[in-house]
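# Structural overview for review
Given next are the chains, with one letter for each unit.
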There are 2 protein chains.
Amino acid sequence: MGIKERKELEKKEMRKLILDTAMKLFLEKGFENITLRNIAEKIEYSPATIYLYFKDKDEIIYTLHREGFEELYRWQQKILPVKDPLERLYRHAEMYVSFALENPEYYDLMFIKRAPINRIKEMKLKDGMRWDIGMRSFDFLKENIKECMKAGAFRNTDVCVAAFSLWAYVHGIVSLIIRERCDVFGEEQIRCLVKGSLDFMQQNMIVNNIKKEEQ
Amino acid sequence: MGIKERKELEKKEMRKLILDTAMKLFLEKGFENITLRNIAEKIEYSPATIYLYFKDKDEIIYTLHREGFEELYRWQQKILPVKDPLERLYRHAEMYVSFALENPEYYDLMFIKRAPINRIKEMKLKDGMRWDIGMRSFDFLKENIKECMKAGAFRNTDVCVAAFSLWAYVHGIVSLIIRERCDVFGEEQIRCLVKGSLDFMQQNMIVNNIKKEEQ
DNA sequence: ACAGATACTAAACACCGTTCATTAACTAAA
DNA sequence: TTTAGTTAATGAACGGTGTTTAGTATCTGT
């Protein structure tokens, strides 16, 4: 039965077409300004057609939200070649900031927007405590920190607390920028603040911990 | 002309009634779920009436946004009695987290939501680089940091960078919580993470800087 | 008592996400 | 090949949103 398979393939392609178009429009004009009717118009289908492929708008958003996490995980793999765990942790932070600022709409979706959370809650209630895709990236960070601990950093600190602290720190930086709370500073100074903050973090949170032990 | 004054007073009272009702509803049911019609119904006026007192919904949001900053500034004054600048800086962070978690809707409005920013941009274009109300609180933090520097902390660090770093750090913590990115951890562990992160900050960003100089 | 300003609103407008009855196109069996 | 049944797509509607406007009362000063 080659027909069944072809149909399924077409269905998948249509889903992908909708998702890609949606994301393209989001990137172009910003999230808040895009409606289902915009997406439908762009792919030259009726708005009702979209409902044959997605339950509602939230499901589109949630799917893109998952794609964002896949992409972030791919970015995280790029720092693996860095062997020194302390250096890698710094690169980790740097990479996170770059990911966020180069893919602000994805980042917004993944860590700021309310929309995808509703769907996640729904799924947890239905499927009973599903695995959260973001946890994989958080564990990746924790592993990095554990290795730093073996190298002598973060003594007397809980792994989870250290990971959360660093995450919150870089999230704070990028989310203030993405949500335009730094615009008073101007573009050039923002760049300095980001670079300065990362170095500040490296000196005080990462390297200092070791120096203290060595003295 | 006592009547003119009475009329103006009534106008102000109506504005306040609308704002208070709006905020009350926001706090009760969450921001996204409140419409102008809800507010109008609650104060028993027609939706159109609101437009006699506010240009549009954004102006209501923007006004509440300003009220939030007034409140934050009031909270900031509460730490002034703490004389040791390092201790005060820690209390500063603690206070900020408390403010955010006890007034999540205000905090969301002030530092996360996109809505009020549009109006701010408009005003900047029209009035030409207006004073940003949030800057006052940021300067307050910078003053605190300057005093810490006099006490020997934050050597070789730009005041602005240090202030931005600490701000981003606490903002990261609370915004991840407010936007429900920590729910996997559970309520009790979140409390531990917050407390742990603040202590982590104190040890590594504030106190460590001094110890290094003393050795 | 009357003219003019003021406060208010019903009704409409243009959108939004979503649903549903209906139509058109394709598939499988007679 | 015809026919019955499934599938894909849509036009039109529904109830909701923020917002505008034309019109109606009420109050003010002469």
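Residues numbered from 1 in each chain as written. Chains lettered and ligands numbered in written order. Predicted model: local features only at pLDDT ≥ 70, side-chain atom pairs only at ≥ 80, totals over all residues. Heavy atoms only, no water.

### So, the protein's contact with DNA strand C
Convention followed: Near, as used in this document, describes a residue that has one of its heavy atoms within 4 Å of the molecule or strand being considered. Identification of polar contacts relies on pairs of N or O atoms within 3.5 Å, with a donor-acceptor requirement for protein atoms, meaning one able to donate a hydrogen and the other able to accept it, and with residues adjacent in sequence counted only if both atoms are side-chain atoms. Classes in brief: Ala, Val, Leu, Ile, Met, Phe, Trp, Tyr, Cys and Pro nonpolar; Asp, Glu, Lys and Arg charged; the others, Gly included, polar.
Lining the immediate environment of DNA strand C, one finds 17 residues, of which T35, R37 and Y51 of chain A together with T49 and Y53 of chain B sit closest. Restricting attention to atoms of DNA strand C within 4 Å of the protein, one finds that 61% of them are sugar or phosphate atoms. Here Y51 of chain A contributes a side-chain N or O atom positioned 2.6 Å from a phosphate oxygen of DNA strand C. Y53 of chain B is positioned such that a nitrogen or oxygen atom in its side chain is 2.6 Å from a phosphate oxygen of DNA strand C. By residue class, the composition of the surface near DNA strand C is 9 nonpolar, 3 polar and 5 charged.

### Details of the domain arrangement of chain A
Residue and element names in this part refer to chain A. To keep it simple, the criterion reads: A domain assignment, automatic or from a database, supplies the domain bounds used here. A contact between two residues is defined here by any heavy atoms of the two lying within 4.5 Å. For any pair of parts, buried area is found by adding up, for both, the accessible area (1.4 Å probe) each one loses once the two are put together.
Per the domain assignment, the segments of chain A are domain 1 (1-54) and domain 2 (57-214). Centre-to-centre, using C-alpha coordinates, domain 1 lies 30 Å away from domain 2. Each partner contributes residues to the interface: domain 1 has 15 residues there, and domain 2 has 11 residues. With both chains or domains summed, domain 1 and domain 2 bury close to 1200 Å², and 75% of this area falls on carbon and sulfur atoms. Ranking the residues of domain 1 by area buried against domain 2 places L19, M23 and F31 at the top, with a combined share of 47%.

### Considering the packing of helix α5 (residues 85-102) of chain A against helix α8 (residues 134-150) of chain A
Residue and element names in this part refer to chain A. As a reminder, the rule being used: Lines fitted to the C-alpha atoms define the axes, with helices restricted to the stretch that makes contact. Angles between their N-to-C directions range from 0 to 180 degrees. Put simply, DSSP H or I for four residues or longer makes a helix, DSSP E for two residues or longer makes a strand, and each gets a number counted from the N terminus. Any angle between 65 and 115 degrees counts as roughly perpendicular, while under 35 counts as roughly parallel, over 145 as roughly antiparallel, and the rest as oblique. Take the far helix as your reference; a near helix turned counterclockwise from it by less than a right angle gives a left-handed crossing, and one turned clockwise gives a right-handed crossing.
It is the contact of α5 with α8, at a shortest axis distance of 8 Å, that shows an interaxial angle of 150°. Considered as vectors, α5 and α8 are oriented roughly antiparallel to each other. As for the relative orientation of α5 and α8, their crossing is left-handed in sense. On α8, the residues touching P85, L86, R88, L89 and H92 of α5 are F140, L141, N144, I145, E147 and C148. Along the lines of polarity and charge, the residues of the contact of α5 with α8 split into 7 nonpolar, 2 polar and 2 charged.

### Observations concerning the relation of the copies chain A and chain B
Counted only if it meets this: Least squares is the method for superposing the copies, and the C-alpha atoms it fits come from residues with pLDDT of at least 70 in both.
When chain A is fitted to chain B, the residual RMSD is 0.1 Å, and the transformation amounts to a turn of 180° plus an axial shift of 0.0 Å. Taken together, the rotation and translation relating the two chain copies correspond to the operation of a two-fold axis. Within chain A, G172 of chain A has its C-alpha nearest the rotation axis, a separation of 1.8 Å. Interface residue correspondence from chain A to chain B reaches 100%, placing this contact among same-surface, isologous pairings.

### So, the packing of aromatic side chains
Let me state the cut-off plainly: Note on aromatic contacts: the rings of Phe and Tyr and the six-membered ring of Trp form a pair at centre separations within 6.5 Å, being stacked when their planes are under 30 degrees apart, edge-to-face when over 60 apart, and tilted otherwise. With a 1.4 Å probe rolled over the protein chains alone, any residue whose accessible area is under 20% of its type maximum counts as buried; one over 50% counts as exposed, and the rest are partly exposed. Any Lys NZ or Arg CZ found within 6 Å of a ring centre and within 35 degrees of that ring's normal is scored as a charge over the ring.
This structure, assessed with the given rule, holds 25 aromatic pairs over all chains. Look at Y73 of chain A and F140 of chain A: their rings are 6.1 Å apart centre to centre, the planes differ by 75°, and that puts the pair in the edge-to-face class. Here F140 of chain A lies in helix α8 and Y73 of chain A lies in helix α4 (residues 57-77), a separation of 67 residues in the sequence. Taking the relative accessible area as the measure of exposure, F140 of chain A reaches 16% and is therefore buried. For the pair F164 of chain A and W167 of chain A, a centre-to-centre distance of 6.2 Å together with 80° between the ring planes defines the contact as edge-to-face. Here F164 of chain A and its partner W167 of chain A are both found in helix α9 (residues 159-178), 3 residues apart, which amounts to about one turn of the helix. The pair F164 of chain A / W167 of chain A is uniform in exposure class, with both members buried. Here a set of aromatic residues connected by ring pairs shows up, and it is made of F69, Y96, Y107, F111, F138, F164 and W167 of chain A together with F185 of chain B. The ring centre of F31 of chain A lies 4.7 Å from the NZ or CZ of K113 of chain A, which sits over that ring.

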